[in-house]
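Each chain is listed here by its residues.
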Amino acid sequence: MQDPLSYPHEPASVEDAELEQWLRDAYDAPPVPSSLTRRINRLVAEEWGETVPTTDAAGSRWRTRWNRSSRWFRAIPFGAALAAVVVLSVLFGRDDSSYAWAAMVEALERHGVVQLEGPEGTRWLALKEGLLGESSKQRVRLYDSHQHLVLAKVRSGTSIRRRRLSIIGNAADRDQLVLAFLLGSQTISESSQLKLVEQHWSRQKIDGHDVVQLQASWQRDAEAPIALTLNLDPQTRLPATYRAQVAHGESRVDIGQSLSYPTTKATDLTQRDFPPNAKIVDVADEAQLVAEESSVAFQPGVERLASTNPANATPTALPSVGPQVAAPTLGSAANWAAVTVAPRSREDVVATVDTILESWWKTHHIDPAPPADDEELVRRLYLDLVGRTPTVYEIRSYLNDRSPKRYEELVDRLLASPDHASQMAAVWRSFLIPEGVDLTAFGGVESFDRWLAERFEKNQPYDQTVRELLMAEGRLSRSGPLLFYSAAKLDPDQLATRTARVFLGMRLECAQCHDHPFEPWTQQDFWSLAAFFAQISRPQANLQAVTAVMQVRDIQRGEVKLPNTDAVVPPRFPNRAQMEDGLAAQARRKQLAVWITASENPYFARATANRVWDLMFGKGIVDPVDNLGTQHPPCSPELLEALASQLIEQQFNLRELFRTVALSRAYRLSSAAATADEQRLARFGQMSVKSLTAEQVYDCISVATLLESTAAESFNVNRFGNADREQFLQLFRTPSGRKAEYQAGIPQALTLMNGTLIDGATGLSSSGLLKSLEAPFFTNRQRVEVLYLATLSRHPRPAEWERLLGIVSETTTGITLKEGLADILWALLNSAEFTMNH
């Protein structure tokens, strides 16, 4: 009999060793905040299926403070030691709890493609990519949980039908995809999810082989539960066989099968069934999706989705607000038309954005969150526009302002401030120069930041800034915009990749070695773009590094060739646009710069508008922000078109675009909600909570603790030539990617808790904020309020006052008062609320 467990074993992960080292280092750290302890406990539960009882570190810390009135306990690593013992005991004793459902799902995600073969077809799962495919002799289907799409195609047909799904996103999708893979796509529901109600496992022997038998029960609402039994490999945790009881009509049927683990890649399977050059037809509901499909059933499982969700109905017409811009059916990016520009006033643009979103919410039955309160909104606005929290003076001035236009005036004031210019410079530099590129030989990135900041400060049109960047000339030692070329080592392919991502919003590099797997971009398209950077003065050999003596200047020689061929590729715009008269005689880089920034370019304005929206909301209208195309259509084409139209009509004035977004109703909604609503978040009906960048963390600590002494009325952060700031940034880089998905881990948390910055900011003899609170005219209650306003930009809540007054009452004085205030400040700076933008 064939071994039912004959599939590849997973290699051992190095993450456990790294986590062990972090935790060993943590033993000498101050107490771990309860938020971090809860996060560790949650991750342990997700990975190994059990929670581990722990003490309330935060509560313990407060109780110790009450009892001893001393700060010496802050150096005792009880919290860190407890966390280390908890996690290390799980890591090295994982035999007792490592076969939970979550551990199996993680194993499937790490492995790659897994497959089921039935008498009528095949079903495959690529969990890391969020893909589930079904195929029979007559038809094929693909579910993409990352993009919330389902594709369908009849094998004999030439077109692909596409529909958006309203399924829940993020981690919950993994479970739903695994269940749909095992049980059939009928388990995918757009209104509710199956929930794990019970699980347990035991060791068994099957045909002489050791297996772990995992039994899990899943249920949706009041439906009958689904009982699943899976036989797992004890080492890899991958399932070899399974069986299940599912409802089929009024009866229950048993299904089950062996799983196989082919070496096929998900991209190969996707391209095989859904050719990139096939015509795509967008449909509104399930009935239209299956209109041309065969009714042949797929076994095991049932092929039909759950009933059509009204959220997928065709949107109603928008009410008229000024001149309307008809949103195109964008489809393939290679065929996009230019943006239709409709002149509108400032007020009309904001009203148009609000109308589009309100109509969208109504169509999809979204009840938006309530408006953010003043304190929440002001903190958010400062973080998004100037990269820091407001000072105590600034937050109080706004709260005391009774002008009906106070919010609009604050937006305008922040957009015109030096902090906005330096913040935008750092943000755009992060797009243009990849993290980790060593530019020390060229003086670091400061000169590039200064160059960008100068242009943002004088509100130079964005298209002009881009042209100056792409056409920069001179020796690399001059730095400034030339760092863009230094970071790419003057390589045409790297320059084309970065240019396409930032200014066109497309990942053309996916077509560098072969035609794009998902978009209709060919290898010729990529190298045609790279050819615009081929005629730059540079050594002919492949450069491992560039030096400051090299220079960027246009010359009359230099070509690129298709990899592994002698075929020279001439320059050509990605959308095959014709060269303007008289431009063909110009240097290639100038030809490209003029085409990219032209109003008629179908990508530049849309990509820029999408990027600004992403900066303000933590998620773009097209997500990911640099992947426009058929696989990532805009969630609201009307919204993207309205913003792109305004950008062009306002002569590429970025401040106006930021202003429009900041004044929109959606931006001013609260991030708080009684229950999580993924659909409301996905459709901007509730503000996402965003993680702060390393730069923002430092600047917020600097502002809150008065590290820089500046006049209250005109505070500006010192972002250039600040050695302490740069040292902190090297230690506390937040991972790049989606800002609305908090990624900061144990090393970053320990850096914040145990670093010299926090130590100086909360030290009795070094903290500017604590020293300022020694003034005799403050009451103790006012002192605590100042700490909250300085760090969290809000007043303490009633429940918080109950604990705070146990630390610092109105009768507390002397060293006890100073230490109590220092403890409160330390706790606030290390809170999750301080390091998040909500």
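Here, every reference points to the structure presented above.
Residues numbered from 1 in each chain as written. Predicted model: local features only at pLDDT ≥ 70, side-chain atom pairs only at ≥ 80, totals over all residues. Heavy atoms only, no water.

K.L.:
Teacher, can you tell me more about the overall build of the protein chain here?
P.N.:
Helix and strand counts for the protein chain stand at 31 helices and 18 strands. Looking at the 838 residues of the protein chain, the share that counts as buried comes to 56%. Expressed as a percentage of contacts within the protein chain between residues at least 6 apart in sequence, the contacts between residues at least 24 apart total 68%. A total accessible area of about 36,000 Å² is found for the protein chain, and carbon and sulfur atoms account for 51% of it. (Helix = DSSP H or I, 4+ residues; strand = E, 2+ residues; numbered from the N terminus. Buried < 20%, exposed > 50% of the residue type's maximum accessible area, 1.4 Å probe, protein only. Contact = heavy atoms within 4.5 Å. Areas by Shrake-Rupley, 256 points an atom, 1.4 Å probe, with all protein chains shown as cover.)

K.L.:
Please explain the sheet that holds strand S4 (residues 139-144) as it appears in this structure.
P.N.:
The strands making up a sheet associate through hydrogen bonds between their backbones, and the pairing can be parallel or antiparallel. Strand order across the open sheet formed by seven strands is S1-S2-S3-S4-S5-S6-S12, with mixed pairing between neighbours. Looking at strand neighbours, the two that pair on one side only are strand S1 (113-118) and strand S12 (279-282), the edges of this open sheet. Ignoring which end each strand starts from, the neighbouring axes of this sheet average 15° apart. The strands touched by helix H7 (residues 266-273) are S1, strand S2 (121-126), strand S3 (131-136), S4 and strand S5 (149-154); relative to S2, the strand with the most contacts, the crossing angle is about 135°. (Pairing = 2+ DSSP bridges. Axes fitted to C-alpha atoms, helices over the stretch in contact; angles between N-to-C directions.)

K.L.:
Explain the environment of Asp374 here, please?
P.N.:
Inspection of the secondary structure puts Asp374 in helix H10 (residues 374-386). Asp374 sits 21 residues away from Ile395 along the chain, and the two C-alpha atoms are 9.3 Å apart. Ignoring sequence-local partners within four residues, the contact set of Asp374 consists of Tyr398, Leu399 and Arg406. Here Arg406 takes part through its side chain, which lies 2.6 Å from a polar atom of the side chain of Asp374. (Polar contact = N/O pair within 3.5 Å; in protein donor to acceptor, adjacent residues only side chain to side chain.)

K.L.:
How do you make sense of the nonpolar core when you look at a structure like this?
P.N.:
Side chains that are nonpolar tend, in soluble globular proteins, to be buried together. Counting 153 residues, the largest nonpolar core has Trp428, Phe503 and Trp613 as the members making the most contacts within it. If near-sequence neighbours (up to four positions away) are discounted, Trp428 is found in contact with Leu452, Phe456, Tyr462, Val612, Leu615, Leu654 and Phe658. In terms of nonpolar packing, the next biggest core, distinct from the first, is built from 36 residues, Met104, Leu108, Leu125 and Leu132 among them. (Core = buried A, V, L, I, M, F, W, Y, C linked by side-chain atoms within 4.5 Å.)

K.L.:
I would appreciate a short explanation of the environment of Gln271 in the present structure.
P.N.:
Residue placement: Gln271 occurs in helix H7. Residue Gln271 is classed as partly exposed on the basis of its relative accessible area of 28%. The spacing of Gln271 and Pro517 is 246 residues in sequence and 6.4 Å in space, taken between C-alpha atoms. Residues contacting Gln271, with those up to four places away along its chain left out, are Pro276, His516 and Pro517.

K.L.:
Is there a simple way to explain the side chain of Asp419 in this structure?
P.N.:
Along the chain, Asp419 falls in helix H13 (residues 418-432). Leave out the neighbours within four places in its chain, and Asp419 touches Val386, Arg388, Phe715, Asn716, Val717 and Arg719.

K.L.:
Sorry if this is basic, but what is going on with the packing of H10 against helix H12 (residues 406-415) here?
P.N.:
How two helices pack is summed up by the angle between their axes together with the distance between the axes. Where H10 contacts H12, the two axes come as close as 10 Å, and the packing angle between them is 20°. Our classification of the angle between H10 and H12 gives roughly parallel. When you trace H10 past H12, the crossing you get is right-handed. Judged by residue contacts, Asp374, Leu377, Val378, Leu381, Tyr382, Leu385 and Val386 of H10 engage Arg406, Tyr407, Leu410, Val411, Leu414 and Leu415 from H12. Across the contact of H10 with H12, the residue classes tally to eleven nonpolar, no polar and two charged. (Parallel < 35°, antiparallel > 145°, perpendicular 65-115°, else oblique. Left-handed = near helix turned anticlockwise from the far one by under 90°. Nonpolar A, V, L, I, M, F, W, Y, C, P; charged D, E, K, R; others polar.)

K.L.:
Sorry if this is basic, but what is going on with the pattern of salt bridges here?
P.N.:
Where charged atoms of side chains with opposite charge meet at close range, the side chains can pair. Enumeration over the complete set of coordinates arrives at 35 salt bridges. In this structure, Asp273 and Arg155 form a salt bridge, with 4.0 Å as the shortest nitrogen-oxygen distance. Taken together, the positions of Asp273 in helix H7 and Arg155 in the loop between S5 and strand S6 (159-164) put the pair 118 residues apart, joining distant regions of the chain. A relative accessible area of 40% means that Arg155 is categorised as partly exposed. Because the salt bridges share partners, they merge into one network encompassing Arg388, Glu394, Asp419, Asp699, Arg719 and Arg725. (Salt bridge = Lys/Arg side-chain N within 4 Å of Asp/Glu carboxyl O.)

K.L.:
Explain unusual backbone geometry here, please?
P.N.:
Excluding glycine, a negative phi dihedral is what most residues carry, and trans is how most peptide bonds are arranged. Note that the residue after Asp623, namely Pro624, is joined by a cis bond; omega there is 5°. Following the sequence through the fold, Pro624 ends up in the loop between helix H20 (604-617) and helix H21 (637-649). Look at His365: it is not a glycine, yet its phi comes out positive at around 55°. Along the polypeptide, His365 turns up in the loop between helix H9 (346-363) and H10.

K.L.:
Is there a simple way to think about empty space enclosed by the protein in this case?
P.N.:
According to the stated counting rule, one finds eight cavities of 30 Å³ or more in the structure shown. One number sums up the size of the largest cavity: a volume of about 170 Å³. Forming the walls of the largest cavity are 18 residues, and the residues nearest its centre are Phe456, Gln460, Tyr462, Thr465 and Leu654. Listed by contribution, the elements that provide at least two residues to the lining of the largest cavity are H13, helix H14 (446-457), helix H15 (462-470) and helix H22 (654-663). Of the residues assigned to the lining of the largest cavity, the class counts are twelve nonpolar, four polar and two charged. Considering only enclosed or pocket space, the second largest cavity measures out at about 110 Å³ in volume. Lining the second largest cavity are 13 residues, with Ile160, Phe274, Ile280, Phe518 and Gln631 sitting closest to its centre. (1 Å grid on protein atoms, 1.4 Å probe; cavity = no way out; pocket = protein on both sides within 12 Å on 5 of 7 lines; lining within 4 Å. Points joined across faces, edges and corners; volume = space filled by probe spheres on them.)

K.L.:
Could you clarify how one ought to interpret the packing of aromatic side chains in this entry?
P.N.:
Note on aromatic pairs: each is described by the distance of the centres and the angle between the planes. The final tally for this structure, using the stated rule, is 19 aromatic pairs. On the numbers, 6.3 Å between centres and 15° between planes, the contact of Phe448 with Trp451 is stacked. With Phe448 and Trp451 both in helix H14, this residue pair falls three residues apart, about one helical turn. An identical accessibility class is assigned to Phe448 and Trp451; each is buried. A centroid spacing of 5.5 Å and a plane angle of 80° characterise the contact between Phe484 and Tyr485, whose relative ring orientation is edge-to-face. Residue Phe484 is classed as buried on the basis of its relative accessible area of 1%. Tyr485 sits in the buried class, given a relative accessible area of 0%. Ring-pair connections join several aromatic residues into one group, and the members of that group are Trp428, Phe431, Phe456, Tyr462, Phe604 and Phe652. The ring of Trp801 has Arg781 sitting right over it, with the charged end atom 3.9 Å from the ring centre. (Phe/Tyr/Trp six-rings, centres within 6.5 Å; stacked < 30°, edge-to-face > 60°. Lys NZ or Arg CZ within 6 Å of the ring centre and 35° of its normal.)

K.L.:
Would you explain the packing of helix H17 (residues 492-504) against H20 in this entry?
P.N.:
One can describe the packing of H17 onto H20 by two numbers: an axis separation of 7 Å at closest approach and a directional angle of 70°. Looking at the two axes, H17 sits roughly perpendicular to H20. Residues Arg501, Val502, Phe503 and Leu504 of H17 form the contact with H20, whose participating residues are Phe604, Ala607 and Arg611. Looking at the contact of H17 with H20 residue by residue, the class counts come to five nonpolar, no polar and two charged.

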